Amino acid sequence: MVIPAPETELTYTDSWQLLVAVVLSAQCTDARVNQITPALFERFPDAASTAKSTPEEVFPFIRSISYPNNKSKHLVGAAQMVMSDFGGRVPETVDEIVKLPGAGRKTAQVVASVAFGVPTLAVDTHVFRVANRIGLVSPDAITPEKVERQLKRLLPESTWGEAHHLLILHGRYTCTARSPSCEGCAAAHCCHYKSNLDQLPAPEESLDPKRGRYYCKTRKHYFEEPDLITDRAGIEQISCPRCGSMNVFHSKSGLTTRRVKDFRV
Ligand code: SF4
């Protein structure tokens, strides 16, 4: 999938509604949030009206999304702080936005970037997974903070916002956690994960499942119980108990048992 104009899929009309939508989208899909925000924004269109409400009044509008109790408290709290501390306007910097109830660093980065054009690159589960799979970051980038630092070093500042949305949309629709659509992926030619997949051994022929569940590449060693070895990428691989080879195949299907490093988050 090629994405010509990467942008957020959340529906909003101003910075307050964007903040609300991003807070609501934590642990929830954008599509689900977009289903409930029209009614919510009709009743509470801005920070002023939300600040005068109570969590109990907000709750019915957001009850179908995850953590509605906490989120309704956060929205009212954030609205009251926007009114009392920021003159009724959503603050523009990440450091100020994170002070609002319910706004973590990722939320603050998204709001600052999308609403105010602040150069920042929020790393969510999709950005983290796709950046690691393609190989945009080094193998030791095992936290969102490390991925963010490395992506910022790699990409020009003017592209951070666009890169954030591009990686999210690619992760949401193509490079999904459980079954990435590598065939036809626009990034396949430069993707480490795909390259590793392509290098897995092809199915062996002339296997005899009666001699054992597994068979190593020597074609001489069948066995029921494999050994386990941790390879150079830190992945536990099945190995032949006689020769130690990690090129082990299922005797029934002929398929390899080797696994490539994955970030199923
Ligand atoms: S080739 Fe596969 S793993 Fe690589 S980015 Fe595309 S979908 Fe993801």
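What you see is a predicted model, and the numbers here were worked out from it, not measured in a lab.

Caption draft 1: Geometry of the site of the ligand. Close to the ligand lie Arg133, Ile134, His170, Cys175, Pro180, Ser181, Cys182, Cys185, Ala188, Cys191, Tyr193 and Lys194. Going through the elements one at a time, helix H8 (125-134) and helix H11 (192-198) are the ones with two or more residues in the shell around the ligand. Of the residues assigned to the shell around the ligand, the class counts are eight nonpolar, two polar and two charged.

Caption draft 2: Highlighting helix H10 (residues 160-173). Over its 14 residues, H10 runs 20 Å from end to end, which matches the ideal 20 Å to within 8%, given 1.5 Å per residue. Of the residues making up H10, those classed as buried are Trp160, Ala163, His164, His165, Leu167, Ile168, Leu169, His170 and Gly171. Packed against the buried residues of H10 are helix H7 (105-116), H8 and helix H9 (144-154).

Caption draft 3: Here's a closer look at the sheet that holds strand E5 (residues 248-250). Read from one edge to the other, the open sheet built from three strands follows the order E2-E1-E5, with strand pairing classed as antiparallel. The sheet terminates laterally at strand E2 (222-223) and E5, the two strands that pair on one side only.

Caption draft 4: Spatial organisation of the nonpolar core. Core analysis: the largest hydrophobic core is formed by 35 residues, its most contacted members being Trp16, Leu24, Leu40 and Ile97. Among the elements of the structure, helix H1 (15-24), helix H2 (30-43), helix H3 (47-51), helix H4 (55-62), helix H5 (68-85), helix H6 (94-97) and H7 are those that each provide at least two residues to this core. In terms of residue count, the dominant contributor to this core is H1 (eight residues).

Caption draft 5: Here's a closer look at H8. Taking burial as the measure, the 10 residues of H8 include nine buried ones, the bulk of the element. Taken as a whole, H8 has its buried residues at His126, Val127, Phe128, Arg129, Val130, Ala131, Asn132, Arg133 and Ile134. Contacts made by the buried residues of H8 are with H9, H10 and H11. Where H8 begins, the side chain of aspartate 124 points an oxygen toward the backbone nitrogen of histidine 126, at a separation of 3.0 Å. Just past H8, the residue glycine 135 takes up positive phi, approximately 95°.

Caption draft 6: Expanded view of the environment of valine 127. Of note, valine 127 is situated in helix H8. On the accessibility criterion, valine 127 (0% relative accessible area) is buried. Residues valine 127 and histidine 164 lie 37 residues apart in sequence; the distance between their C-alpha atoms is 6.8 Å. When near neighbours in sequence (up to four residues on either side) are disregarded, valine 127 contacts Leu121, Ala122, Leu151, His164, Leu167 and Ile168.

Criteria and cut-off values
- Residues numbered from 1 in each chain as written.
- Predicted model: local features only at pLDDT ≥ 70, side-chain atom pairs only at ≥ 80, totals over all residues.
- Heavy atoms only, no water.
- Near = heavy atom within 4 Å.
- Helix = DSSP H or I, 4+ residues; strand = E, 2+ residues; numbered from the N terminus.
- Nonpolar A, V, L, I, M, F, W, Y, C, P; charged D, E, K, R; others polar.
- Expected span 1.5 Å × (residues − 1).
- Buried < 20%, exposed > 50% of the residue type's maximum accessible area, 1.4 Å probe, protein only.
- Contact = heavy atoms within 4.5 Å.
- Pairing = 2+ DSSP bridges.
- Core = buried A, V, L, I, M, F, W, Y, C linked by side-chain atoms within 4.5 Å.
- Polar contact = N/O pair within 3.5 Å; in protein donor to acceptor, adjacent residues only side chain to side chain.

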